[in-house]
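Listed here are the chains, written in short residue letters.
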Amino acid sequence: MTALLTTAVGSYPKPDYLLKARSEYTQGKLPRQELEKRERQATEYWVGVQEGLGMDILVHGEMERGDMVAYFAELLDSMKIGGLVRSYGNRYYHKPIIVDKLKWQGPMTVEMWRFTQGLSEKPVKGMLTGPYTMVEWSFDEYYPSRREAVLDMAAVLHQEAVELSKAGARYIQIDEPAIHTRPDDDFDLAVEAFQIVVQDVPAEFHTHICYGDVERIYPDMLRLPVKQIHLAFKNSDFELLELLERHPFAADRELGVGVVDVHNHAVESVEEVADGIRQTLRLMPAERVWIEPDCGLKTRTVEEAEAKLRVMMEATQVVKKELGID
Amino acid sequence: MAVEVEPRLQPVEVNAGSTILTTVVGNYPKIPNRPRPARLRAAIARFDRGEISREELRQVEDEVTIEVIGEQVEAGIDIVTDGQIRWEDDQTYIVGRLEGFRIDGLQRYLDTNTYFRQPEVVDAIRWETPILVDDYRLAVANSPKPVKAIITGPYTLAALAQDKHYGSRRLLTLAIAEALNGEVLALQAAGASIIQINEPVILLRKGDFPLLAEALGRMLQGATVQTAIYTWFGSVEGIYPQLLELPVDTIGIDFVSKPENFTILTSEPFPKQLGFGIIDGRNTKMESAEYIAERVLTLKEQMPGQIPQLYLNPSCGLEYLPREVAQAKLARLVEGARLANKQLGLQP
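What you are looking at is a predicted structure, and each value in this text was computed from that prediction instead of being measured.

Caption draft 1: Representation of the overall build of chain B within the structure. Of the regular secondary structure elements, chain B holds 10 helices and 10 strands. Computed over its C-alpha atoms, the radius of gyration of chain B comes to 20 Å, within 12% of the 20 Å expected for a compact globule of 348 residues. Each principal axis of the C-alpha atoms in chain B carries an extent, and together these give about 60 × 50 × 35 Å. The buried share among the 348 residues of chain B stands at 48%. Put simply, 76% of the contacts in chain B that link residues at least 6 apart link residues at least 24 apart.

Caption draft 2: Region of the structure containing the overall build of chain A. Within chain A, the secondary structure is distributed over 10 helices and 10 strands. Against the 2.2 N^0.38 benchmark of 20 Å for 326 residues, chain A shows a C-alpha radius of gyration of 19 Å, consistent with a compact globule. Taken over the C-alpha atoms alone, chain A extends approximately 55 × 45 × 45 Å along its principal axes. Across the 326 residues of chain A, 46% fall into the buried class.

Caption draft 3: Layout of the nonpolar core. Grouped together as the largest cluster of nonpolar side chains are 100 residues, with contacts concentrated most on Ile176, Leu216 and Leu312 of chain B. When residues in this core are grouped by element, the largest group, nine residues, is from helix α6 (residues 169–189) of chain B. Those residues in contact with Ile176 of chain B, other than ones at most four positions away along the chain, are Ile125, Pro154, Leu157 and Ala158 of chain B. Judged by nonpolar contacts, the second largest core, of 85 residues, contains Val47, Val59, Val150 and Ala203 of chain A.

Caption draft 4: Local environment of the packing of helix α1 (residues 16–26) of chain A against helix α2 (residues 32–53) of chain A. All names here are of chain A. The contact between α1 and α2 brings their axes to 10 Å, and the two run at 160°. Judged on the interaxial angle alone, α2 and α1 are roughly antiparallel. Here α1 runs over α2; the crossing is left-handed. Within the contact between the two elements, α1 uses Tyr17, Leu18, Ala21, Arg22 and Tyr25 and α2 uses Arg32, Glu34, Leu35, Arg38, Glu39 and Ala42. Residue composition of the contact of α1 with α2, by class: six nonpolar, no polar and five charged.

Caption draft 5: Inspection of α6 of chain B at higher detail. All names here are of chain B. If you check α6, its first and last C-alpha atoms are 30 Å apart, about what 21 residues at 1.5 Å a residue would give, namely 30 Å. Where α6 is concerned, the buried positions are Leu172, Thr173, Leu174, Ala175, Ile176, Ala177, Ala179, Leu180, Glu183, Val184 and Leu187. Phi turns positive, to about 100°, at Gly191, one or two residues after α6.

Caption draft 6: The arrangement of unusual backbone geometry in detail. Cis geometry is found at the peptide bond from Tyr218 of chain A to Pro219 of chain A, where omega equals 5°. Considering the arrangement of structural elements, one finds Pro219 of chain A in the loop between β7 (204–209) and β8 (228–231). With an omega of 5°, the peptide bond running from Arg34 of chain B to Pro35 of chain B counts as cis. With respect to the element layout, Pro35 of chain B can be found in the loop between β1 (21–22) and α1 (39–48). The phi torsion at Asp237 of chain A lies on the positive side, around 50°, for a residue other than glycine. Mapped onto the fold, Asp237 of chain A is located in the loop between β8 and α8 (241–246). Using a count of 12 C-beta atoms within 10 Å as the deciding quantity, one classes Asp237 of chain A as exposed.

Caption draft 7: Highlighting the environment of Ala340 of chain B. Residues and elements named next belong to chain B. Looking at the element boundaries, Ala340 is found in helix α10 (residues 323–343). Overall, Ala340 belongs to the buried group, with 28 C-beta atoms counted inside 10 Å. Here the alpha-carbon distance between Ala340 and Ala293, two residues 47 residues apart in the chain, equals 4.5 Å. Not counting chain neighbours up to four residues away, the residues in contact with Ala340 comprise Ile20, Ile292, Ala293, Val296 and Leu297.

Caption draft 8: Structural context of α1 of chain B. Residue and element names in this part refer to chain B. Among all positions in α1, only Leu40, Ala43 and Ile44 are buried. Projected down its long axis, α1 carries its buried residues within an arc of 100°, all on one side. Considering only its buried residues, α1 is in contact with α2 (54–75). Two residues or fewer after α1 comes Gly50, characterised by a positive phi angle close to 75°.

Caption draft 9: Geometry of the sheet that holds strand β5 (residues 162–163) of chain B. Residues and elements named next belong to chain B. Across the sheet, which stays open at both edges, the three strands sit in the order β2-β3-β5 with mixed pairing between neighbours. In this open sheet, the two edge strands, each paired with only one partner strand, are β2 (99–108) and β5. Across seven bridges, the pairing between β2 and strand β3 (residues 115–126) is antiparallel. Looking across to β3, one finds that Arg102 is bridged to Glu120. Set on the sheet, α6 makes contact with β3 and β5; between it and β3 the angle comes to about 85°.

Caption draft 10: The sheet that holds strand β8 (residues 250–254) of chain B, seen in detail. Residues and elements named next belong to chain B. One open sheet holds the seven strands; their spatial order is β1-β10-β9-β8-β7-β6-β4, and the pairing between them is parallel. Edge strands, defined here as strands with exactly one partner in the open sheet, are β1 and β4 (149–152). Sheet topology places strand β7 (residues 226–230) next to β8; three bridges connect them, and they run parallel. Paired with Tyr230 across the strands is Gly252, a residue of β8.

Caption draft 11: Examining the packing of helix α9 (residues 270–281) of chain A against helix α10 (residues 302–323) of chain A more closely. All names here are of chain A. Two elements in contact, α9 and α10, have axes whose closest approach is 8 Å; the angle formed by their N-to-C orientations is 55°. In this view, α9 runs oblique relative to α10, as classed from their interaxial angle. For the element pair α9 and α10, the recorded crossing hand is right-handed. Note on element contacts: α10 touches α9 through Val311, Met312, Glu314, Ala315, Thr316, Val318 and Val319, opposite Val270, Val273, Ala274, Ile277 and Arg278. Its residues assigned to classes, the contact of α9 with α10 shows nine nonpolar, one polar and two charged.

Caption draft 12: View of the pairing of strand β6 (residues 194–198) of chain B. Residues and elements named next belong to chain B. Counting buried positions over the five residues of β6 gives four, a clear majority of the element. Of the strand pairs in this sheet, β4 and β6 are connected by four bridges, and their pairing is parallel. By the bridge assignment, Ala149 is partnered in β6 with Ile195. When β6 meets β7, the two strands line up parallel, connected through five bridges. Bridge pairing in β7 places Ile194 opposite Gln226.

Caption draft 13: Summary view of the interface of chain B and chain A. With 27 residues of chain B at the contact, the number on the chain A side is 22 residues. At the level of secondary structure, the elements contributing two or more residues to the side of chain B that touches chain A comprise α1, β2, β3 and α10 of chain B. For the side of chain B that touches chain A, a count of residues per class yields 12 nonpolar, five polar and 10 charged.

Caption draft 14: Highlighting the environment of Gly256 of chain A. All names here are of chain A. Here Gly256 shows up in strand β9 (residues 254–258). Between the alpha carbons of Gly256 and Glu44 there is a distance of 25 Å; along the sequence they are 212 residues apart. Beyond its immediate stretch of four places on either side in the chain, Gly256 contacts His206, Gln228, Ile229, His230, Leu231, Trp290 and Glu292.

Definitions and cut-offs
Residues numbered from 1 in each chain as written. Chains lettered and ligands numbered in written order. Predicted model: local features only at pLDDT ≥ 70, side-chain atom pairs only at ≥ 80, totals over all residues. Helix = DSSP H or I, 4+ residues; strand = E, 2+ residues; numbered from the N terminus. Rg over C-alpha atoms; globule rule 2.2 N^0.38 Å. Buried ≥ 20, exposed ≤ 12 C-beta atoms within 10 Å, placed from the backbone. Contact = placed C-beta atoms within 7 Å. Core = buried A, V, L, I, M, F, W, Y, C linked by C-beta atoms within 7 Å. Axes fitted to C-alpha atoms, helices over the stretch in contact; angles between N-to-C directions. Parallel < 35°, antiparallel > 145°, perpendicular 65-115°, else oblique. Left-handed = near helix turned anticlockwise from the far one by under 90°. Nonpolar A, V, L, I, M, F, W, Y, C, P; charged D, E, K, R; others polar. Expected span 1.5 Å × (residues − 1). Arc of directions from axis to C-beta. Pairing = 2+ DSSP bridges.

Right, here's the structure in full:
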């Protein structure tokens, strides 16, 4: 029996040498090849960390991605990178612009997936940004309606999922952090688009939803055609479990439980994390629960990220022992 | 949405009223893009690291404020704002300077991909000293065009705050309104000729309209200057025509996010000034001058002899756009207004 499988949500922090390389590359001081060499070096590092900790399903860590939307926008001719807009405080990002009909032109994530899978016997997840989030976090100068843009984006991502699956990816995670932006108007559209992405692709699909009003789309989110839904539990000290008390999680789905907070420098204690897992297990059987951080760890330092993963793994072992699972 | 545009070459025979003017809804992008330097971003980062003083940061804020007033004027806007350059977000800048609030963690702002710090009400709310008066004075001294003062309204501030003191939305809203009355009177004493109150959140909770009306009445007690209320990101269905009863001179409505607002508006007589939010403040796609003029002419035809003053403006603040696109959109808005004035036979 597999139970309490462990994985990560997607991104890891970039080591200093990679940050430096990215900045030099942007300024035209470093050739593309050199940058890619360091991206691979950093990826190998994170595979080593995850294997060393005994994690079950690995992620490649997104060393080649700056931002989960811009990464894809840069690779698509139908999108371009726009000017800076403010996100909050003194934080700005380059918001992409859809400028033409969205079309898949070639694999965007397969090479890095294949490289990473070549480093480990453990399965490595394919990582995509969902169609609704891709469109919602971009300007659109081409489509007359959001619906048309989202559905075309879904077709692009479907082709990418097909390629990942063909390359051998057994697990594909599709992140939709923007899915609850306009739930009354757009939730059906987001589900429809998600269905297009996964249609007839022989892989196990997971999704990760974070930020904001998760309450507003539960239990609606159970309509998403995925095996696993991952939510950030630790950030609100497991308050989200109340949702599962009010409306049980679908019996054919698995729950990804975020057990360490990615927005906090402080590293949780093993006991605190184990307790979060125990609370979850009052509502969900262990074989349908996956243990993960709340979100991508890229905003932490390398040391903090590793420490949080280590605590997560130790706490999982503690609970497994209590349950008599090896 | 795409709207078919037929060119109209001759002045249209409608009761056109006074010249159509252009304005903005509030904020303006704080930093330009390369090759222009992002001075404010760099200054805030240096201030946060303790490398420059509060006064040095203030100096940069002043300079950037003057710069963005200049950009609005250059685009041809008739009534400008200070761009809200100093504002951390629409809530924090006001409530962070009132007594009784604490500023808490990040929250998504309405249906955008931007975040604000959620205010927490922890004590009785009081207005101690003017918040916007110095900003207003600096703007007026550096603008050849009239400047309007912007205040986030009491209903929106209350609705987006977490109340740990009053225990009732009504009491909290009215307490904020009371406090902001001090600001209104201080701005008025400083010579402000137009005071605009932004109340986007009422469109999400229309059942609270009577509370909004009561709060605005209190906030504007003693106000003798021109006043406006602006809303965005929603339909006015359900609170229209009641909006017309508010004690303000101008009503601002977003016709981009909800095009049906056009039909709702034209269903009733409109005796007030209208802020016609007609270009998209959230998308980089450029509207044409012809499209803007066409919307104006259609409005004028459907509402003959009404809307004593029409202001054209973006659908919301401009901070969702890169700086250069924001300015280009304003220039286009002005072009559209000129075309409409010409077609209506009005003097620009």
